[in-house]
Each structure stands twice: as structure tokens, then as C-alpha cells.
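The primary structure of each chain is shown beneath.
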Amino acid sequence: MKTDDLKREIAKIKWWHTIDLGNGLITPGRVDPRGRWKELGISENLQGMTVLDIGAWDGFFSFEVERHGAKRVLATDSFCWGGQGWGTKTGFELARKALDSKVDDMEIDVLDISPDKIGIFDLVLFLGVFYHMRYPLLALERVFSVTKNQLVLKTHVDMLSTKRPAMRFYPGTELANDPTNWWGPNPAAVVAMLKTVGFKKVRIVSQYPSLFYRIAKAIRNKIKNNRVPFFQAIQQDAMVFHAWR
Ligand SMILES: C[S@@+](CC[C@H](N)C(=O)[O-])C[C@H]1O[C@@H](n2cnc3c(N)ncnc32)[C@H](O)[C@@H]1O
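Figured I'd write up the structure that's included with this text. (Residues numbered from 1 in each chain as written. Predicted model: local features only at pLDDT ≥ 70, side-chain atom pairs only at ≥ 80, totals over all residues.)

Taken in spatial order, the seven strands line up as S3-S2-S1-S4-S5-S9-S8 in an open sheet, and their pairing is mixed. For this open sheet the edge positions go to strand S3 (104-107) and strand S8 (201-204), each flanked by a neighbour on one side alone. Between one strand and the next, the sheet's axes are offset by a mean angle of 20°, whatever the strand orientation. Summarising the sheet, strand S1 (residues 50-54) and strand S4 (residues 121-127) pair through four bridges and their orientation is parallel. Looking across to S4, one finds that Ile54 is bridged to Phe126. Against the sheet, helix H5 (residues 136-145) touches S1, S4 and strand S5 (147-157), its axis set at about 150° to S5. (Pairing = 2+ DSSP bridges. Helix = DSSP H or I, 4+ residues; strand = E, 2+ residues; numbered from the N terminus. Axes fitted to C-alpha atoms, helices over the stretch in contact; angles between N-to-C directions. Contact = placed C-beta atoms within 7 Å.)

What follows is the structure, encoded as C-alpha cells:
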């Protein structure tokens, strides 16, 4: 596709991910994950591996694992790709074409995932999806069933001052005015749930967010007119977990 044509196509899409498509063309995403790859703690060398990216949306992380050598990547999604949210699948399809990527895709709900339907994968990415799950343990059981070796899970977390496993429930639009946000687990709950569904080893990859850091972040958000009450905001962050079979 010619650069000018690609530029026109990019402009027609509402992007979630900022993706560098080459030739100076960068998609105007709502989030820029380009600097966030490292925080996931994934090996830089994925040579020969099979990878599943659940809830891929525009596909930034699918294309990234392919770039790091994965031999087969399957990107799945349902909510946005199915047109239920403000996003669509058009961004993923355009980026795949522009990057000349071989990433496969399947529109499938997390709860419909099984080895029979999609196979099993050396590495599974479950990034920014867990807190959208209405049935969190059931969702993790499905994710476990298709993980051959390792899962990388990134999620919104809450109740950070509570040490025992606990999750905050967000009815309605309580979290970020988004009715698809259901749960804010604390790290102990994420670890316990991953073990409950069968993972043998679980590691918290992110540094535990200190109270000082959380207060500073909550003040910054307040200044930016964030709607989350201050004392709730200081209990929240996002964290990365690794789990092995
Ligand atoms: C916050 S976005 C995260 C996108 C990407 N993984 C990332 O980390 O930037 C959540 C994604 O999960 C998808 N999703 C939400 N519920 C889902 C479900 N039940 N089954 C499959 N995908 C779902 C949405 O469509 C969306 O693409």
C-alpha cells in the first residue's frame, strides 16, 4: 500500500494502540504501549515459540512477539472486534497488512477458548483483559487450558493495602465509567486464583507499588480531573504476573 493511501486509512480508524507502521507512520492510539514491553518481563528471544494474545485489539503485542521471533502468533478478541465497544477490528487488520505480518486471528470470547478450538501455546498473553471478566475464575480456567508453558497476565489491581486475597467489585460503571470493568483483585488474589486454576508457579513481576508512589499518582490523577475518589485511587494500580504450568 502506498504511504499516502495508508495515511488516509489510518486516519479513518479509532485506535487503541499506538503502533509504528514504518515510513514515519504511527497510529494515533489512546495508549502508547511502545515503552511498556519491557515491564512485561517477557524474554527478548521468542525464537520458534507459539504465542496466543488474548484480547489483542489493534494487535500491538501480537506484532511485538512476532518481531521477537515467535514462529506462530494467534491474536484473539471478541468484545471490540465484534463491535460491542467503541473499537473495531479494522485497526488490527490494517496494521497486519502494513507490517506484512503473519499473525493469525480468531474472533472468540475468552470463555469459549479451549485446546480443541484454538490449540495450546508455549506463551499466552492476557493483558488488560482480566478485570473485564464477569466470571474471573472461569476465565482463568479457560486461559490455563490453552497454556503449554507460561502465562503473562497484566491487570488493574485494587485493595493494595489488604494483604489477604481480596477483590473489589465494580457494579455498573463504577470503575472509569466503563460498564465492562468488573473486578479489582489485589496481588494476593491474582496469585491465589492462578494457583487455584492449576498453575504450579506464580511470580509477581511488577514491583509492589509503594504507598508513596500511589499517593503521588492519585494526586496527579486528581489534578487531571480523574473521577476516581482519592482514597480509592491510592489502592489501585496495574501489575504484571507470570505463571507456569
Ligand atoms: C483494555 S483492552 C486491552 C488490549 C490489549 N491486550 C492491551 O493490553 O493493550 C481489553 C481487550 O479485551 C477484549 N475483551 C474484553 N472482554 C473480552 C472477552 N470476554 N473475550 C475476549 N476479549 C475480550 C476487548 O475487546 C479489548 O480488546
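The nonpolar side chains of a soluble globular protein tend to be buried with one another. Within the largest apolar cluster, 59 residues are counted, with the highest numbers of intra-cluster contacts made by Val51, Val124, Leu125 and Phe126. With six residues, the top contributor of residues to this core is S4. Setting aside anything within four residues of it in sequence, one finds Leu125 in contact with Val51, Leu52, Asp53, Ile54, Phe61 and Val152. (Core = buried A, V, L, I, M, F, W, Y, C linked by C-beta atoms within 7 Å. Buried ≥ 20, exposed ≤ 12 C-beta atoms within 10 Å, placed from the backbone.)

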